[in-house]
Amino acid sequence: MNPCFRNVKIYGAMTVLLLASSAWAQSAKVTVFATGLDGPRGLKFGPDGALYVAEAGRGGSTPSASFACEQVPPPVGPYHGGLTARISKITGPGQRTTVVDGLPSGRNSTPTGDTLGVGDVAFVGQTLFALLAGGGCSHGNPDTPNGVIRVDADHGTWSYVADLSAFEKANPVANPAPSVGDWEPDGSWYGMVAVRGDLYATEPNHQEIDRISPITGEVHRVVDISPSSEKWVGPTGIAYHGDFYFGNLSPFPINTGSANVFKLTPSGNFKLWNTGFTTVVSIAFDNRDRLYVLELSDAPGFPTPGAGKLVRVSPSGRAEDIVTGLVVPTALTIGPDGAIYISNFGAAAPGLGQILRVEIVD
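In what follows, the accompanying structure is described. (Residues numbered from 1 in each chain as written. Predicted model: local features only at pLDDT ≥ 70, side-chain atom pairs only at ≥ 80, totals over all residues. Heavy atoms only, no water.)

Describing the sheet that holds strand 9 (residues 118-124)
Pairing within the open sheet is antiparallel, and its four strands lie in the order 9-10-11-12. Each edge of the open sheet carries a strand with a single partner, namely strand 9 and strand 12 (157-163). Recorded for the sheet is a direction-independent mean angle of 30 degrees between the axes of neighbouring strands. Pairing between strand 11 (residues 147-152) and strand 12: six bridges, direction antiparallel. By the bridge assignment, R150 is partnered in strand 12 with S159. (Pairing = 2+ DSSP bridges. Helix = DSSP H or I, 4+ residues; strand = E, 2+ residues; numbered from the N terminus. Axes fitted to C-alpha atoms, helices over the stretch in contact; angles between N-to-C directions.)

A look at unusual backbone geometry
Residue P75 is bonded to the preceding P74 through a cis peptide linkage, with omega at 5 degrees. Summarising the element assignment, P75 is placed in the loop between strand 5 (62-63) and strand 6 (80-92). With an omega of -5 degrees, the peptide bond between G77 and P78 qualifies as cis. Within the secondary structure, P78 is located in the loop between strand 5 and strand 6. Despite not being glycine, R196 has its phi angle at roughly 50 degrees, a positive value. By secondary structure assignment, the location of R196 is in the loop between strand 13 (192-195) and strand 14 (198-203). The backbone of Q207 sits at a positive phi, close to 70 degrees, despite the residue not being glycine. Inspection of the secondary structure puts Q207 in the loop between strand 14 and strand 15 (208-212).

Quick look at the state of the cysteines
Tallying each qualifying case throughout the model produces one disulfide. A sulfur-sulfur distance of 2.0 Å marks the disulfide that ties C69 to C137. Taking the sign of the S-S torsion, about -85 degrees here, the bridge from C69 to C137 comes out left-handed. With C69 in the loop between strand 5 and strand 6 and C137 in the loop between strand 10 (127-132) and strand 11, this pair connects stretches of sequence that are 68 residues apart. With relative accessibility at 26%, the residue C69 sits in the partly exposed group. A relative accessible area of 17% means that C137 is categorised as buried. (Disulfide = S-S within 2.5 Å. Buried < 20%, exposed > 50% of the residue type's maximum accessible area, 1.4 Å probe, protein only.)

Some points on the sheet that holds strand 15
Spatially, 13-14-15-16 is the arrangement adopted by the four strands of the open sheet, whose pairing is antiparallel. On the outer flanks of this sheet lie strand 13 and strand 16 (219-224), each paired with one strand and no other. Each adjacent strand pair in this sheet contributes to an overall mean axis angle of 25 degrees, direction not counted. Across five bridges, strand 15 lies against strand 16 in antiparallel orientation. Bridge pairing in strand 16 places R211 opposite H220.

With respect to the packing of aromatic side chains
The geometry of an aromatic ring pair is captured by two quantities: the separation of the ring centres and the angle between the planes. Taken as a whole and judged by the stated rule, the model has eleven aromatic pairs. On the numbers, 4.4 Å between centres and 45 degrees between planes, the contact of Y200 with F244 is tilted. Within this pair, whereas Y200 is found in strand 14, its partner F244 is found in strand 18 (residues 243-248), the two being separated by 44 residues in sequence. Like Y200, the residue F244 is buried in the burial classification. (Phe/Tyr/Trp six-rings, centres within 6.5 Å; stacked < 30°, edge-to-face > 60°.)

Dropping the structure here:
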């Protein structure tokens, strides 16, 4: 699965909605923190206080079908690859610089040409790591597989820690679904979080969560979700709050209220935690134990620009919409200032990507 879409139909021509068309509760103040991004995905604050943003990039001109490897089936595949993904650093409103570029990006064959590039970023101590999702032969980038990389932010260089394309091929999940119309041989890695010196990554297409050692590069499958249900689950955003929690999209066409948040123990046991969401792409807890859930689109059918929203769930289970009218948002993080930062226009045309700052006032 391309993380933002399921099956074969995509949402047609993108309508650019202005921030003014969004709505938010009286408890939230929304401002634009950064613009001009190429498919912003996962984002984290670094030890230097700056915001680091993974970007999917623009794909490229190299057709994946020109290589002798398993392809993503049409109409999602084939992909066209290139080295156009990057990681940006934002030090203040409108202040963006490139940390590293030239990372693998793949553009699919759907009408909107959605891209996979850098899926997420995370810090272990002072060191930045990134999760590559646009790499691998099936994305038109045979020399740069999907994986976890270590980034030297001072010099703009990077190196592989783990080859996740190779791991997928050597360690297939129990219930792979290559017959599904958007099967991704190299995976479509989505979320990553650092916990106790290790990195944990979600892969929604094959339906797995894996632990990666940033020191040795060893990869260990924490949970294989593929045999757990008759319906596809697809883990996306992941957070740690005493235990691991992850959200899911659920199958497309979208059935409102069909997505969930799950609780996951380090031993690999998981269970339903909160229900009734729609297309969950990212989650986070604040310091008052309130859960924030970002939804790609809460409209039935297929993802609709302007139907994304941010939902807050209190410890008692009360849910309320905090921000609505978001345009295919893809990730969130909570900053050291207590504000929520959202990747908006995350699956839109290159250059339209935004980071929104949501100040919670209660």
